[in-house]
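Tertiary structure, described
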Amino acid sequence: MESLTTACRTFVSVGSNMGDKLDNCLGGIAALAKVSHTFLEAVSRFYRTSPVDYTDQDWFVNAVAEIRTSLSPDALLGHLQDIQTRMGRKNHGIRFGPRVLDLDILLMGDLTIRSLHLEIPHPRMHKRTFVLKPICDIDPSVVHPVLGCSMADLLKAFENTPEGAEQKIAVLRDAPAITEGR
């Protein structure tokens, strides 16, 4: 399946903790905006965030982009992987380790997919302040299709857990103006 019948509201996380992190994220978003059948709708603020899971690495810059796409989930994933490779990402063998650019599909409308190479909604998004806060910048009322809660409610609940309190996050830069894709 190469495309969906209608454009689907999709959220993609963007992160980097190697090299010029902000520039890497901006480059990834610019490349995403050029993907065929995909329109960039919004970008969150950019955040400086502490690493999660594998903590022996540099801090990240993270954001979320909202797109509308008629691509299938697999086709979009292929484009995201291609962008990461072109930006210099290499397989380093450390799960959750350092990366030049990380692009993940978080939500794709109300689709739920679980395969060997793709899970939508992203399986850990509700336990990631660096995902929830940027989505809330764009639209805090978006509902997680499996958990049935808004992003604002998921963020509030997670911030009140010990795991959530450990995740440090600070605004690095305001959201860029979107001039294309609308």
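Relevant structure appears above.
About the cut-offs
- Residues numbered from 1 in each chain as written.
- Predicted model: local features only at pLDDT ≥ 70, side-chain atom pairs only at ≥ 80, totals over all residues.
- Heavy atoms only, no water.
- Core = buried A, V, L, I, M, F, W, Y, C linked by side-chain atoms within 4.5 Å.
- Buried < 20%, exposed > 50% of the residue type's maximum accessible area, 1.4 Å probe, protein only.
- Helix = DSSP H or I, 4+ residues; strand = E, 2+ residues; numbered from the N terminus.
- Arc of directions from axis to C-beta.
- Contact = heavy atoms within 4.5 Å.
- Axes fitted to C-alpha atoms, helices over the stretch in contact; angles between N-to-C directions.
- Left-handed = near helix turned anticlockwise from the far one by under 90°.
- Disulfide = S-S within 2.5 Å.

**Here we look at the nonpolar core**
- Counting residues in each nonpolar core, the largest one holds 27 residues, and the members touching the most others are Leu32, Phe46, Leu76, Leu80, Ile83, Leu103 and Ile105.
- Sorting the residues of this core by element identifies β1 (3-16), α1 (21-33), β2 (38-43), β4 (60-71), α2 (73-86) and β5 (102-108) as the ones contributing at least two each.
- In this structure, Val131, Leu132, Cys136 and Phe158 belong to the second largest nonpolar core, which totals 18 residues.

**Remarks on helix α4 (residues 151-159)**
- Within α4, the full set of buried residues consists of Met151, Leu154, Leu155 and Phe158. Buried residues of α4, seen end-on, are gathered within an arc of 100° and therefore sit on one face of the element.
- Those residues of α4 that are buried lie in contact with β5, α3 (129-138) and α5 (162-166).

**Points about the packing of α3 against α4**
- Contact pair α3 / α4: the axes reach a minimum separation of 9 Å and the direction vectors enclose 145°. The element α3 and its partner α4 pack so that their crossing is left-handed. Contacts between α3 and α4 involve Thr129, Leu132, Lys133, Ile135 and Cys136 from the former and Met151, Ala152, Leu154, Leu155, Phe158 and Glu159 from the latter.

**Details of the side chain of histidine 144**
- Along the polypeptide, histidine 144 turns up in the loop between α3 and α4.
- Histidine 144 sits in the buried class, given a relative accessible area of 4%.
- Residues in contact with histidine 144, not counting those within four places in the same chain, are Pro121, Met125, Cys149, Met151 and Leu154.

**A few points about the state of the cysteines**
- Per the stated rule, a full pass over the model turns up zero disulfides.
- The cysteine cysteine 25 is free of any disulfide, with cysteine 136 supplying the nearest cysteine sulfur at 19 Å.
- Accessibility expressed as a relative area gives 0% for cysteine 25, which makes it buried.
- Here cysteine 136 is not cross-linked by a disulfide; its sulfur's nearest cysteine counterpart is in cysteine 149, at 12 Å.

**Some details on unusual backbone geometry**
- Between isoleucine 120 and proline 121 the backbone carries a cis peptide bond, its omega angle lying at 0°.
- Within the fold, proline 121 resides in the loop between β7 (119-120) and α3.
- The backbone phi angle of histidine 37 is positive, close to 65°, even though this residue is not glycine.
- You can see histidine 37 is positioned in the loop between α1 and β2.

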